[in-house]
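A look at the structure
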Number of protein chains: 2
Amino acid sequence: MEDIRDYIQQNQQRFIDELIALLKIPSVSADPAFSQDVLDTAQAIKSSLEKAGCDHVEICETPGYPIVYGEKIIDPNLPTVLVYGHYDVQPPDPLDLWESGPFEPVIKKTELHPEGAIFARGACDDKGQMYMHVKAMEFMTTTGQLPCNVKFMIEGEEEVGSESLGWFVENNHDKLANDVILISDTGMISKETPSITTGLRGLSYVEVEVTGPNRDLHSGLYGGAVANPINILAKMIASLHDENKQITIPGFYDKVEELSKEERAEMAKAPFSQEAYNKALDIEAEYGEEGYTTNERNSIRPTLDVNGIWGGYTGEGAKTVIASKAYAKISMRLVPNQDWKEITELFIKHFEGIAPKGVKVKVTPHHGGQGYVTPIDSIGYQAAAKAYETTFGKTPIPQRSGGSIPIVSLFEKELKSKTILMGFGLDSDAIHSPNEHFGIWNYLRGIETIPWFYQYFTALSK
Amino acid sequence: MEDIRDYIQQNQQRFIDELIALLKIPSVSADPAFSQDVLDTAQAIKSSLEKAGCDHVEICETPGYPIVYGEKIIDPNLPTVLVYGHYDVQPPDPLDLWESGPFEPVIKKTELHPEGAIFARGACDDKGQMYMHVKAMEFMTTTGQLPCNVKFMIEGEEEVGSESLGWFVENNHDKLANDVILISDTGMISKETPSITTGLRGLSYVEVEVTGPNRDLHSGLYGGAVANPINILAKMIASLHDENKQITIPGFYDKVEELSKEERAEMAKAPFSQEAYNKALDIEAEYGEEGYTTNERNSIRPTLDVNGIWGGYTGEGAKTVIASKAYAKISMRLVPNQDWKEITELFIKHFEGIAPKGVKVKVTPHHGGQGYVTPIDSIGYQAAAKAYETTFGKTPIPQRSGGSIPIVSLFEKELKSKTILMGFGLDSDAIHSPNEHFGIWNYLRGIETIPWFYQYFTALSK
């Protein structure tokens, strides 16, 4: 299968052009204004799977955005790999911080990407990484080297909670039956240091609304005499962390998995420079839960972050008003054993409980998902590790990620199979941020590495 | 001068129509998008003063929006009244809470206003109350009953700090020379209980910006490891009040005027129902500084309120982001003897001081003004009291207001004269809020009462 390199060399311009075409469609699932674009993207994925050699491709309707399913079954006795990805993207705002249009992909060279990187919303998360699998499939079918059965399941609601996917998986056990699930929606430590994500954090995302007086008031005539919803919201949010930066919600830490000294020592081996980290973010100092390192804080520890806040007058100049309402979007990252639904309940109970008289509080759960850990002694992990060794010449480092792919634990529960997270992105790709990009080197190296996974997984399965 | 009632009866429809025409011009000084409308309003005021009988009217250019000046000097030996008002208005948002367009005035009957009230931004604050003086002037000149000299000074930046007015007053001492300043930009207790505002709170208005990482980050990959500017801003805002709802800024209360038991007892005589107050605002309980009543909290005590807050993702749905920046607009209402510039300095010093490592803080002062108290034994106050007695048949109650008219203390400093605040608005007029309105009864009663002030003031000055 060494010919994969030649194949990529001969077709790389087309691979890049095809991805750019896909990135031009603004498939923002969080904003109804883009619904037609999300649907158009599903159609584009469908035809790309057909071109890649899938025998049977269909757009599966759901209560929400459709799921694109495709498969190529060459022999029922051979193992089956289920590839998951998503074709929706995060909202692009704040737009004014983008150096080029989020949906007008451009290729620019960067320090980390001298060969150039594609700048666009979704370039890495997840259109770029998902499309690597489509092109790897194209190679295997075109050259007759597909060693096992393949199924594709590409959804359009990952950035808003994958609700329809949950419904789809629960109702299609046979159709989705597989021996391993393969996902590229994570990152690796660096181009020189490949890594495989073995752990993900869970997520609970809620929106809160604090209502004070029934109308906006003049802050001079009423200031000091009524509860100001913005001040109250700030006070309530502040109270969610104690002086050690620990979350104060009763019961929040009850089920948190505590890692052993050994496990934490193993984690600490991953190359990391706090100085470089702070420099890259232009911050004077890191900030987080006492007693844990940065890499522990963002992977094995649960967190609570306000993702958005608004209320009152936010226009130009000054307005002396006491707002009637204040709002915030709050998300909690959870670790294995914390149940997101239970944590959401604990949050609601606590948040409503700390509201002072004079305001009314409403908490609306948005979505969530469980955390997950992949065993590194599984065939899937071993196959992935060998694939990286083949193309990177290095054994990948197993790594916990702070991110969440809520459906991974759902897959295990419903489909009884493990998920392997082969990510080719980098921390610096700015996913969920302005100027998201994906290195062309990473993109092509992903396409090169994936077929090896199929080969090793099939071999190890015998 | 009893004929004033007849005059109003014969002309009231025109008085209402003229005010409605003025209210149709969206003179929002805070938003540059409306600058031409603000200028058009100045022109409209100019011609209305000319029609009202002023001899000399001019649009005085300033570094900002112009000031409309008009005068009628009938005898240098007679006293001179300087009338101040403003033709700019507060921004109308939130627009979706208006039952009719903020700049499409409509007359509707309400429980408090069976004769109807004019609904529009600026109906009460201050176009409606300012225009009462123009119509009172019209009456006095038309019927040859103007007993003294009059000067009008109507500005267009009251809602954004009156900076140009300060400059104008400092540079026109002779032009503006007067024996008393008359302003209608406040309210009265009720239609049955007239009151005169004898105290105003000062104001310090600032905008704060908290910057964490140099770009928006993925809350999964970075959550828990970096200072989240929104969480930090919430924490900093929360820390500005202690458990007794007192402001924690060092030195903030040092110069606060403490009222005597007697003065507080006198204040407590004003008719007030906490139950009705809470019911009107649909709040379960009031909220404020321990040890003070609602009427004390919003008049004789300084306060700190967040007027607006924003940061991160505030659109539909969910975005798992850690924002790079978070913002808030914060205003402090000050009481006599607190210097707004000193308080602003104290705020900046304190706010920058409590910022944790990991964020940068920027505080931008917007504007401010000093508090003020009117002596009730002055000729001006006596004349106003007699005017109310004549038209309301009741002695008005002297009352401290929580609002701020920053330029009042400037007038005293620069022009060496006292200001009389004859307000005809009601708390329920919703100034600075959606559905601002001004009762037609209040409007006409104001026009009727003002000429009596001129007469009594001239008589008492002899």
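If you're wondering where the values come from, they're calculated on a predicted model, not measured in any experiment.

Another aspect to go through is the state of the cysteines. All names here are of chain A. Using the criterion set out here, one finds zero disulfides over all chains in the structure. Cysteine C54 remains unbridged, with the sulfur of C148 as its closest cysteine sulfur at 12 Å. Overall, C54 belongs to the buried group, its relative accessible area being 8%.

A separate point is the relation of the copies chain A and chain B. Between chain A and chain B, which share one sequence, the superposing operator has a rotation angle of 180° and an axial displacement of 0.1 Å; the RMSD is 0.1 Å. Such values leave the two copies arranged in the relation of a two-fold axis. Comparing interface residues between copies, 100% of those in chain A also sit at the interface in chain B, which points to an isologous, same-surface contact.

Time to look at helix α6 (residues 229-238) of chain B. Residue and element names in this part refer to chain B. With respect to burial, α6 is a largely interior element, nine of its ten residues being buried. Those residues of α6 that sit buried are P229, I230, N231, I232, L233, A234, M236, I237 and A238. Two to three positions downstream of the cap, the backbone nitrogen of I230 sits 2.8 Å from a side-chain oxygen, assigning the N-cap of α6 to N228.

What follows deals with the pattern of salt bridges. In a structure, side chains of opposite charge can pair up when their charged atoms sit close to one another. Counted according to the given criterion, the structure contains 47 salt bridges over all chains. Its salt-bridge partner being E115(A), residue K191(A) comes within 3.3 Å of it at the nearest N-O pair. Of this pair, K191(A) sits in the loop between β7 (180-183) and β8 (195-200) while E115(A) sits in the loop between β4 (106-108) and β5 (117-119); the two residues are 76 residues apart in sequence, bridging distant segments of the chain. Take E115(A): its relative accessible area is 36%, and that puts it in the partly exposed class. The partner of E18(B) in a salt bridge is K135(B), with the nearest N and O atoms 2.6 Å apart. One end of the pair, E18(B), is in helix α1 (residues 4-23); the other, K135(B), is in helix α3 (residues 127-142), with 117 residues separating them in the sequence.

Glancing now at the side chain of Q338(B). Residues and elements named next belong to chain B. Within the secondary structure, Q338 sits in the loop between β13 (325-334) and α10 (340-353). Looking at Q338, its side chain comes within polar contact range of the main-chain oxygen of F252, at 2.8 Å. The residues contacting Q338, other than those within four sequence positions of it, are F252, K255, V256, P302, R333, I343 and Q370.

Quick look at the packing of helix α11 (residues 379-392) of chain A against helix α13 (residues 440-461) of chain A now. Residues and elements named next belong to chain A. Contact pair α11 / α13: the axes reach a minimum separation of 7 Å and the direction vectors enclose 135°. One finds that α11 runs oblique with respect to α13. Here α11 and α13 pass one another in a crossing that is right-handed. Here I379, G380, Q382, A383, A384, K386, A387, Y388, T390, T391 and F392 of α11 come into contact with α13, specifically with W441, R445, E448, T449, W452, F453, Y456, F457, L460 and S461. Per-class residue counts for the contact of α11 with α13 are twelve nonpolar, six polar and three charged.

Moving on, we get to the interface of chain A and chain B. Each partner contributes residues to the interface: chain A has 89 residues there, and chain B has 89 residues. For the pair chain A and chain B, the summed buried area comes to about 7,700 Å², and 53% of that belongs to carbon and sulfur atoms. Per-residue buried area on chain A facing chain B is highest for Y287(A), I309(A) and K319(A); these three make up 9% of the total on that side. Across the salt bridge formed by D282(A) and K360(B), the nearest N and O atoms sit 3.7 Å from each other. Where chain A meets chain B, there are 42 residue pairs in polar contact (both at pLDDT 80 or more).

All names here are of chain A. Structurally, chain A comprises domain 1 (4-200 + 371-460), domain 2 (202-256 + 302-369) and domain 3 (259-295). Between the C-alpha centres of domain 1 and domain 2 there is a distance of 35 Å. The interface is formed by eleven residues belonging to domain 1 together with seven residues belonging to domain 2. At the boundary of domain 1 with domain 2, total buried surface from both sides reaches about 700 Å², with 55% on carbon and sulfur atoms. Counting across the interface, domain 1 meets domain 2 through zero residue pairs in polar contact (both at pLDDT 80 or more). Considered class by class, the residues forming the side of domain 1 that touches domain 2 number five nonpolar, five polar and one charged.

Turning our eyes to something else, we now look at helix α12 (residues 407-415) of chain A. All names here are of chain A. Where burial is concerned, most of α12 is hidden: seven out of the nine residues are buried. Residues I407, V408, S409, L410, F411, E414 and L415 constitute the buried set of α12. Positive phi appears at K416, one or two residues downstream of α12, with a value of about 55°.

Let's shift gears to the UniProt feature "domain: Peptidase M20 dimerisation" (unreviewed entry) in chain A. When the UniProt feature table is mapped onto this chain numbering, "domain: Peptidase M20 dimerisation" (unreviewed entry) sits at residues 199-358 of chain A. In residues 199-358 of chain A, helix accounts for 29% and strand for 22%; the two terminal C-alpha atoms are 43 Å from one another.

Residues and elements named next belong to chain A. Of all six residues in strand β2 (residues 67-72), six are buried, a share of seventy percent or more. Side chains I67, Y69 and E71 project from β2 onto one buried face, and the interleaved V68, G70 and K72 project onto a second face that is buried too. In terms of strand pairing, strand β1 (residues 56-60) meets β2 through five bridges, oriented antiparallel. Bridging from a neighbouring strand, V57 pairs with G70 of β2. In sequence, β1 turns back onto β2 through a hairpin of six residues. Two strands pair when backbone bridges link them, and β2 and strand β6 (residues 149-155) are joined in this way by five bridges, in the antiparallel orientation. Bridge pairing in β6 links G70 to F152.

Quick look at the nonpolar core now. Among the nonpolar cores identified, the biggest contains 71 residues, and F347(A) and F347(B) are the most heavily contacted of them. In this structure, F347(A) is in contact with V206(A), V208(A), L240(A), I249(A), L304(A), I330(A), M332(A) and V363(A), ignoring residues within four places of it in sequence.

Turning to the sheet that holds β13(B), a few remarks are in order. In space, the eight strands of this open sheet follow the order β14(A)-β9(A)-β13(A)-β11(A)-β11(B)-β13(B)-β9(B)-β14(B), with antiparallel pairing throughout. Each edge of the open sheet is held by one strand with a lone partner, namely β14 (360-369) of chain A together with β14 (360-369) of chain B. Adjacent strand axes in the sheet meet at a mean angle of 20°, parallel and antiparallel pairs treated alike. Across five bridges, strand β11 (residues 303-312) of chain A lies against strand β11 (residues 303-312) of chain B in antiparallel orientation. When the bridges of β11(B) are listed, W310(A) appears paired with W310(B). Where helix α10 (residues 340-353) of chain A meets the sheet, it contacts β9 (202-211), β11, β13 (325-334) and β14 of chain A, and its direction lies at approximately 165° from that of β14(A).

Let us now look at empty space enclosed by the protein. Over the atoms rolls a probe the size of a water molecule, and in doing so it shows where empty space is left. For the structure shown, the criterion picks out six cavities of 30 Å³ or more. Counted as a void, the largest cavity has a volume near 300 Å³. As for the largest cavity, its lining consists of 22 residues, of which H241(A), K245(A), Y287(A), L304(A) and N231(B) are closest to the centre. Only α6 (229-238) and β11 of chain A together with α6 of chain B provide two or more residues apiece to the lining of the largest cavity. Classifying every residue of the lining of the largest cavity by side-chain character gives ten nonpolar, six polar and six charged.

Our next topic: the sheet that holds strand β18 (residues 437-439) of chain B. For sheets, the rule is that strands pair by backbone hydrogen bonds, running either parallel or antiparallel. Residues and elements named next belong to chain B. If you walk across this open sheet you meet the three strands as β4-β5-β18, and the pairing is antiparallel. The open sheet terminates on both sides in strands that have one partner only, identified here as β4 (106-108) and β18. Put simply, the sheet's adjacent strands are angled 30° from each other on average, direction ignored. Relative to strand β5 (residues 117-119), β4 runs antiparallel, the two being bridged by three bridges. Across the sheet, I107 pairs through a bridge with I118, a residue of β5. Running at roughly 15° to β5, α1 makes contact with β4 and β5 of the sheet.

The rules behind each value
Residues numbered from 1 in each chain as written. Chains lettered and ligands numbered in written order. Predicted model: local features only at pLDDT ≥ 70, side-chain atom pairs only at ≥ 80, totals over all residues. Heavy atoms only, no water. Disulfide = S-S within 2.5 Å. Buried < 20%, exposed > 50% of the residue type's maximum accessible area, 1.4 Å probe, protein only. Least-squares fit on C-alpha atoms with pLDDT ≥ 70 in both. Contact = heavy atoms within 4.5 Å. Helix = DSSP H or I, 4+ residues; strand = E, 2+ residues; numbered from the N terminus. Polar contact = N/O pair within 3.5 Å; in protein donor to acceptor, adjacent residues only side chain to side chain. Salt bridge = Lys/Arg side-chain N within 4 Å of Asp/Glu carboxyl O. Axes fitted to C-alpha atoms, helices over the stretch in contact; angles between N-to-C directions. Parallel < 35°, antiparallel > 145°, perpendicular 65-115°, else oblique. Left-handed = near helix turned anticlockwise from the far one by under 90°. Nonpolar A, V, L, I, M, F, W, Y, C, P; charged D, E, K, R; others polar. Buried area = accessible area lost by both parts, 1.4 Å probe. Domains from an automatic or database assignment. UniProt positions renumbered as here; feature names shortened; annotations may be inferred. Pairing = 2+ DSSP bridges. Core = buried A, V, L, I, M, F, W, Y, C linked by side-chain atoms within 4.5 Å. 1 Å grid on protein atoms, 1.4 Å probe; cavity = no way out; pocket = protein on both sides within 12 Å on 5 of 7 lines; lining within 4 Å. Points joined across faces, edges and corners; volume = space filled by probe spheres on them.

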